[in-house]
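These are the residues of each chain, in order.
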Amino acid sequence: MGVSSLTFKEFEGLTYTFGVELETVSGRFEDNEVRHLNVKAVHDGSLRESDGSSPVGGEYVTGVLTGDAGISQLHEICRVLQTKCTVDKRTGVHVHIGNLNWTKEEVVYSYILAELIEDELFSTLPKSRRSNIYCRPINKIVAGLAKELSLVKGVQEYNIKIDEIYDRIFKIVSGLSSSEKASKNINKKQNHPKGSKCGYDKDSQRYCWLNYVTLLFNTKGIDNSWTLEFRPMSGTLNFTKIKNWLKICVAFCSFVENNKSLIKNGYNVPVTLDAIINSVYKKTGTKLINYINERKQLFMSADESVDYTVDSKISKKSMKEVVCAS
């Protein structure tokens, strides 16, 4: 089921958990047909036909996955969904990364990094994902403070600046204005003030490409279920593309934890996706960077339909056949 794993070769030792949400527009599986895959079939209200009706598809949400077992399970999920389902430009792939245990400091550095790489990240995606209400650019709110952070000297001044930046991020995520103060009931142990879906308010931070609502609020009502959600990837059932995107998301989180000085100085010396991937994946980084560069080149002219293609003759495979193979 991909819930636990003895090996982490695909992520080169990184032990983050992950979950994937796959949106489709046709060939719906019922929940009881995919439950054995550690997948839940749910309704997605964002998918609409031109007349406003719902397409004959659905969203498939994996359970918590981890390591090589999780990668192998993801391959099987893609294999099964490909037999019946299709995607188009209305659909997306959302990735949740868990087991983060981040403090305010990591939250701050992740937001700074997101601002730094946003334009480059979107260049790897179809144009339809760059101006999409379901994966908007993040609110540019920390650039000035981040530059100030790179200049502070003492520990006390540093901690004050981290708190200041975090407070600004938290207010944006919680929907508070800059002048409002959060009540004691607005905290990480509680649900978001507008609910787990933020009342489906498309202007809320939840609908940015990097969603902090699931990281800063307990949207599931379960302790230790906080995740950082990556929303920009275009719809696909292609296992290789999903796996590569998943590895990019994992690399982002690892880079935040281990390269704060580079991020802090990122407005002087730019941080690139190449630098992030090379830092995290010593063995498989080159292959992933080549894939990223191919995507950039591709979407200078191609549209999102190239992501609709699936793996040719995909067949059931063992974990050994799947991991680090594509």
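Residues numbered from 1 in each chain as written. Predicted model: local features only at pLDDT ≥ 70, side-chain atom pairs only at ≥ 80, totals over all residues. Heavy atoms only, no water.

Q: Would you explain the packing of aromatic side chains in this entry?
A: All told, the structure shown has eight aromatic pairs when counted by the stated rule. Between F122 and W209, the ring centres sit 6.4 Å apart and the planes meet at 80°, which makes this aromatic pair edge-to-face. With F122 in helix α3 (residues 104-122) and W209 in the loop between α5 (155-174) and β6 (210-211), the pair connects residues that are 87 residues apart, well separated along the chain. An identical accessibility class is assigned to F122 and W209; each is buried. (Phe/Tyr/Trp six-rings, centres within 6.5 Å; stacked < 30°, edge-to-face > 60°. Helix = DSSP H or I, 4+ residues; strand = E, 2+ residues; numbered from the N terminus. Buried < 20%, exposed > 50% of the residue type's maximum accessible area, 1.4 Å probe, protein only.)

Q: In this structure, what is going on with the side chain of D307? I would like to understand it.
A: Mapped onto the secondary structure, D307 falls in the loop between α10 (285-298) and α11 (319-322). Residue D307 is classed as buried on the basis of its relative accessible area, which comes to 0%. For D307, the side chain forms a polar contact with the side chain of R295, separated by 2.6 Å. (Polar contact = N/O pair within 3.5 Å; in protein donor to acceptor, adjacent residues only side chain to side chain.)

Q: What should I look at first to understand α10 in this one?
A: In an α-helix, one turn spans 3.6 residues; hence positions three or four apart end up facing the same way. With 14 residues, α10 should cover 20 Å at 1.5 Å per step; its first-to-last C-alpha distance of 20 Å lies within 8% of that length. Listed in full, the buried residues belonging to α10 are G285, L288, I289, Y291, I292 and R295. What you see down the axis of α10 is that its buried residues fit within an arc of 155°, all on one side. Of the residues in α10, the exposed ones pointing more than 90 degrees away from the buried face are T286, E294 and Q297. Where α10 is buried, its residues touch β7 (228-234), α7 (239-258) and α9 (273-280). (Expected span 1.5 Å × (residues − 1). Arc of directions from axis to C-beta. Contact = heavy atoms within 4.5 Å.)

Q: Where do I start with unusual backbone geometry in this structure?
A: Note: most residues except glycine have negative phi, and most peptide bonds are trans. With a phi angle near 50°, E12 is a residue other than glycine that sits in the positive phi range. Secondary-structure assignment places E12 in the segment before β1 (17-23). For E12, a relative accessible area of 23% translates into the label partly exposed. At N99, a residue that is not glycine, the phi angle is positive and equals roughly 60°.

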